[in-house]
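Fold and contact review
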Amino acid sequence: MKSRKKLFSKKAGKTAFIIAFLLPSILLMLVFLYYPAINGVIMSFRDVTLLDLDNKDFVGLENYKAFLDLSFGPSIWKNTFLWLVLCVGLEFVCGFGLSLLLQTKFPGKKIYESIVFVPWAISGFAVGVIWKWMFNGNSGVINDILVRLGILETPFGFLSNVNTAFYCVVVAKVWTGMAFFAIVTLAALKTVSKDMYEAAEIDGANGIQKFFYITLPSIRALLLLTILVRMISMMNAPDLIFGMTGGGPAGRSHTISSYILTQVISSSDYGEISAAGVILWLITLALSVIYVIATKATKGSDE
Amino acid sequence: MKKKLLALLLSGTMLAGMLTGCSSAEDSAEGASVKETTQAAEEKAQAAEETAEAAEESGEKVVITMVTTLGNETRDQLMKDLVEASCDNIELEIITPPSDQAGEKIVAMLQAHEDIDIVEDGLDRHYIENGWIADLTDYVAEWDEYETILPSLKDRQASFDGKVYGLYYGRYERCLFYRADWLKEAGIEVPTTWNELYDAAVALTDPSQNRYGYAMRGNVNGGDYMQMLLQASLSSELMDLATPYITKEGKSIYEYPEAIEACEFWIDLYNNASNPDSLAWGYPESVEAFYSGTAAFLINDAEVIATCEQYMEDGTWGTAPLPVHDETGESWFPQGGAHFCITGFSEHKDEAFEVLKVICGQEGNMELSKINGTLPVHTTAAQDPFFGEGYYAAYATMGADPNYKGFSEAAEYAFATEEELSIIDGFWKEKDALFQELLLGELSPEDYCADRASYYAWAHDSEWVAERFGLD
């Protein structure tokens, strides 16, 4: 009996000890993450403008209605979807391809690797400005090359055309983001046992077969999770759109997150911005739920 | 066990430190507690004044901290040198937050009553109402050089409630930049009216050579340029300098048929005389189009003169006064005013005003204007050859001509009620996207003007508008 009591108190002491250590981070999260988040949700149902902060009447769903009624609203939804699918898809394909190429040995590989990974290290706003000038329809280098090659007769306004502006941003985004996938997949590829390839070679498998029957299944779970993580971060990546087009022309290259960013700067209607933020948050939340489920489902699949 | 105790102690200390940190941060973040902090700051200021006096006696310098919105090393160094030369007891320290977030950063600093004495661009209703900006009326009354400040700027300084809250150290105005060599080649005179500008721009457009007449700005604030034409067409007959978006009839400027004409003019200018890519252009792209030799005309601020001097050969370009409206003969344009304010909670207001007297005084301001690209704020400056001749001569002409009307952008903010302000806010929200839709032909001039006018429709029933213009 005595020993059991002692055991219990030892356990309680341990729990208290753990709680004491967790408390700072929990409090930090509550104050800097959950308080602003919950406040944001409440703000989305209120009439909050920077000009009149004393008056915050509840206006029901008015802010949501205003956001959904935007003249370029449909293109925001379409772009947000395409932004996720195209950017992540292309980044994955290019990044994976890159990492497979980097598997092989060639002279100057290290230098090449560093060059490939540089875009990933540059700030999105800076990349936006660089690509904005590259796509410039007056003196941009891309137009210059196309005109010199005779593909175009006169420079084309890539960023001023409602049909091309958004895709130009996608190109720039893939340019920066593929390094991310390349780094992750390169690391994953190193975990695949060489024995399996040797065994497959003995069995007479060719390169394509080895890729589909050994490489891909071995790193499948990691790839899936990486894609999901990337999708979540892509939802919240307005910097490049902001830097390159500012959402233009005529709002046709906005995604939800870039719309929120430009409005925070140009408007003081924080109620509506919060409503857009809540919608963005819900989408991200859905992606996160899929991620959590996927993590559980894929657990142990690599073993 | 000892280790555990130590660890617990450490984590406890961290927690305590964090909590105190949080509480002070929350105090400053909440608008409601501004008053309390103001009181505390006043007490602090009193105490500091005493120490300042003590410091003066002992020969130590008072450090005046200035926060600027746009960093400029040459300007900042000159301001420091000017202050050092004229004030023995003052040392000027300048802080510049990164420009893309300067506004928010400064608001946060003011909110937290950080140790700032002078703030740039503080003439903001929001700042003044929160008590962040000091009243300088008594100070300027005792300053003899205040008399020669441009009358229009004096009015603007006092436009909020009759009191002076800040001093202008420079003004920004647009002028017309033109390719002198192209005009000469084509035998065209420098345009003086909007229609002449249009005709010349169309004549000089040749897409096969990548040459266009006008360096249009279709993106960020592009609509403001079209608005100049609209305001000029309504002219002083209907326009009031203090309310550039509302006419003397108590209507939005966009309610008049002239607004639709201005839209049509601008659409033609875009389609017939501008690079199609200019739809996506903001400030840097349109300026680049001019100095790189692909556009004949550009309307922009004085600082572009320095850029052109750097990249273009003398004689190939020139500046001219802004075009006037063909019928009314007037030109209306937003006049930017770069200014400094003293913070309401500054511990060294007297010394801070000494600094402003140096920077905004006749001599110091002339020196500052020359290196800063801003136009001087004293009437005496016109006698200086730098501002009376060469590329700046256009501004001297504009300054002397009463038909050139420079107004403070959105000046009606100073009068509008909270409710009216919250409606006006919508005007700025999607303006770039709507202007681009107008240029693309996706939005008709009628719909565009109706949308723009809707944010000022309150002017019909506004009490202060009726009172100001004697309407029923």
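Here, every reference points to the structure presented above.
Parameters and conventions
Residues numbered from 1 in each chain as written. Chains lettered and ligands numbered in written order. Predicted model: local features only at pLDDT ≥ 70, side-chain atom pairs only at ≥ 80, totals over all residues. Heavy atoms only, no water. Helix = DSSP H or I, 4+ residues; strand = E, 2+ residues; numbered from the N terminus. Areas by Shrake-Rupley, 256 points an atom, 1.4 Å probe, with all protein chains shown as cover. Contact = heavy atoms within 4.5 Å. Buried area = accessible area lost by both parts, 1.4 Å probe. Salt bridge = Lys/Arg side-chain N within 4 Å of Asp/Glu carboxyl O. Buried < 20%, exposed > 50% of the residue type's maximum accessible area, 1.4 Å probe, protein only. Lys, Arg positive; Asp, Glu negative; His and termini not counted. Polar contact = N/O pair within 3.5 Å; in protein donor to acceptor, adjacent residues only side chain to side chain. Core = buried A, V, L, I, M, F, W, Y, C linked by side-chain atoms within 4.5 Å. Patch = residues over 30% accessible without salt bridge, like charges linked within 9 Å, V, L, I, M, F, W, Y side chains within 5 Å. 1 Å grid on protein atoms, 1.4 Å probe; cavity = no way out; pocket = protein on both sides within 12 Å on 5 of 7 lines; lining within 4 Å. Points joined across faces, edges and corners; volume = space filled by probe spheres on them. Nonpolar A, V, L, I, M, F, W, Y, C, P; charged D, E, K, R; others polar. Pairing = 2+ DSSP bridges. Axes fitted to C-alpha atoms, helices over the stretch in contact; angles between N-to-C directions. Parallel < 35°, antiparallel > 145°, perpendicular 65-115°, else oblique. Left-handed = near helix turned anticlockwise from the far one by under 90°. Phe/Tyr/Trp six-rings, centres within 6.5 Å; stacked < 30°, edge-to-face > 60°.

1. Focus: the overall build of chain A
From N to C terminus, chain A includes 12 helices and 0 strands. Its helices and strands taken in sequence order, chain A reads α-α-α-α-α-α-α-α-α-α-α-α from the N to the C terminus. Approximately 16,900 Å² of chain A is accessible, and the part contributed by carbon and sulfur atoms is 70%.

2. Some points on the overall build of chain B
Of regular secondary structure, chain B possesses 21 helices and 11 strands. Residue pairs at least 24 apart in sequence account for 77% of intrachain contacts in chain B once pairs closer than 6 positions are excluded. For chain B, the computed accessible surface area is about 20,800 Å², with 49% contributed by carbon and sulfur atoms.

3. A short note on the interface of chain B and chain A
Quoted interface sizes are often the accessible area lost when the parts come together. Residue-level contacts link 38 residues of chain B with 42 residues of chain A. Carbon and sulfur atoms make up 58% of the area that chain B and chain A hide from each other, which totals about 3,200 Å². When the buried surface of chain B facing chain A is broken down by residue, D277(B), D425(B) and K429(B) rank first, second and third, together holding 17% of it. At the junction of chain B and chain A, the tally comes to 2 salt bridges. The partner of E285(B) in a salt bridge is K132(A), with the nearest N and O atoms 3.1 Å apart. Those elements that place two or more of their residues in the side of chain B that touches chain A are helix 1 (2-29), helix 12 (283-291), helix 18 (418-429) and helix 19 (431-440) of chain B. Among the elements that line the side of chain B that touches chain A, the one with the most residues is helix 1 of chain B, at 9 residues.

4. Remarks on unusual backbone geometry
All names here are of chain B. Positive phi values are uncommon outside glycine, yet D121 reaches one of about 55°. With respect to the helices and strands, the residue D121 is situated in the loop between strand 3 (118-120) and helix 5 (125-129). The residue N210 is not glycine, and still its phi comes out positive at about 55°. Looking at the secondary structure, you find N210 in the loop between helix 9 (194-204) and strand 6 (212-214). For N210, a relative accessible area of 16% puts it in the buried group.

5. Some details on the side chain of D277(B)
With respect to the secondary-structure elements, D277(B) resides in the loop between helix 11 (257-273) and helix 12. Buried D277(B), no salt bridge; nearest opposite-charge side chain is K132(A), N-O distance 10 Å. Only 2.5 Å separates the side chain of D277(B) from the backbone nitrogen of G137(A), close enough to count as a polar contact. If sequence neighbours within four positions are ignored, D277(B) has contacts with N136(A), G137(A), N138(A), G157(A), F158(A), L159(A) and S160(A).

6. Description of the nonpolar core
Across soluble globular proteins, nonpolar side chains have a tendency to be buried as a group. Within the largest apolar cluster, 89 residues are counted, with the highest numbers of intra-cluster contacts made by Y254(B), W266(B), F297(B) and Y448(B). Broken down by element, the residue count for this core peaks at 9 residues, all from helix 11 of chain B. With 53 residues, the next largest nonpolar core counts V88(A), F96(A), M234(A) and A275(A) among its residues.

7. With respect to the side chain of Q227(B)
Relative to the helices and strands, Q227(B) resides in helix 10 (residues 223-238). If we ignore the near neighbours within four places in the chain, the residues touching Q227(B) are Y245(B), I253(B), Y254(B), E409(B) and F427(B).

8. A look at a nonpolar patch on the surface
All names here are of chain A. Judged by side-chain polarity, I18, L22, I26, M29, L30, L33, Y34, I38, I42 and F58 come together as a nonpolar surface patch covering roughly 950 Å² of accessible area. Looking at the element boundaries, I18 is found in helix 1 (residues 2-43). Residue classification places I18 among the partly exposed residues on the basis of a relative accessible area of 45%.

9. Structural notes on empty space enclosed by the protein
All names here are of chain B. Across all of its chains, the model carries 3 cavities of 30 Å³ or more by this definition. Volume-wise, the largest cavity comes out at about 70 Å³. For the lining of the largest cavity, the secondary-structure elements that each account for two or more residues are helix 10, helix 19 and helix 20 (445-454). The residue inventory of the lining of the largest cavity, partitioned by class, reads 4 nonpolar, 3 polar and 4 charged.

10. What about the pairing of strand 10 (residues 336-342) of chain B?
All names here are of chain B. The buried count for strand 10 comes to 6 of 7 residues, which makes it a mostly enclosed element. Across 3 bridges, the pairing between strand 3 and strand 10 is antiparallel. Across the sheet, the residue bridging to V119 is C341, located in strand 10. Pairing geometry for strand 4 (residues 167-172) and strand 10, over 5 bridges, is antiparallel. Counted as the bridge partner of Y172 is G336 from strand 10.

11. Brief notes about the sheet that holds strand 2 (residues 90-95) of chain B
Consider a sheet: its strands pair through backbone hydrogen bonds, and that pairing is either parallel or antiparallel. All names here are of chain B. With mixed pairing, 5 strands are arranged side by side in an open sheet as 2-1-3-10-4. Taken across any chain shown, the strands that pair with only one partner, and hence form the sheet edges, are strand 2 and strand 4. The sheet shows a mean angle of 20° between the axes of neighbouring strands, direction not considered. Contacts between helix 3 (residues 73-86) and the sheet are confined to strand 1 (62-67), strand 2, strand 3, strand 4 and strand 10, with strand 2 contributing the most and set at about 165° to the helix.

12. Focus on the sheet that holds strand 8 (residues 317-320) of chain B
All names here are of chain B. The strand order across the open sheet formed by 4 strands is 6-7-5-8, and the pairing between neighbours is mixed. The outermost strands of the open sheet, each flanked by one partner alone, are strand 6 and strand 8. Taken over all neighbouring pairs, the strand axes of this sheet differ in orientation by 25° on average, direction set aside. Inspection of the sheet shows strand 6 paired to strand 7 (residues 295-301) by 2 bridges, in the parallel sense.

13. Focus: the packing of helix 11 (residues 256-266) of chain A against helix 12 (residues 270-298) of chain A
Residues and elements named next belong to chain A. It is at 10 Å that the axes of helix 11 and helix 12 come closest, and there the two elements cross at 160°. Judged by the inter-axis angle, helix 11 sits roughly antiparallel to helix 12. Pair helix 11 / helix 12 crosses with left-handed handedness. Counted together, I256, S257, Y259, I260, Q263 and V264 of helix 11 and Y270, E272, I273, A276, G277, I279, L280 and I283 of helix 12 form the full contact between these two elements. Taken together, the residues that form the contact of helix 11 with helix 12 break down as 10 nonpolar, 3 polar and 1 charged.

14. Examining the packing of aromatic side chains
Residue and element names in this part refer to chain B. Enumeration over the complete set of coordinates arrives at 50 aromatic pairs over all chains. Centre to centre, the rings of Y254 and Y448 are 6.3 Å apart; their planes meet at 80°, and the pair counts as edge-to-face. Pair noted here: Y254 is in the loop between helix 10 and helix 11 and Y448 is in helix 20, with a separation of 194 residues, a long-range link. Taking relative accessible area as the criterion, Y254 reaches 5% and is therefore assigned buried. Given the relative accessible area of 3%, Y448 is considered buried.

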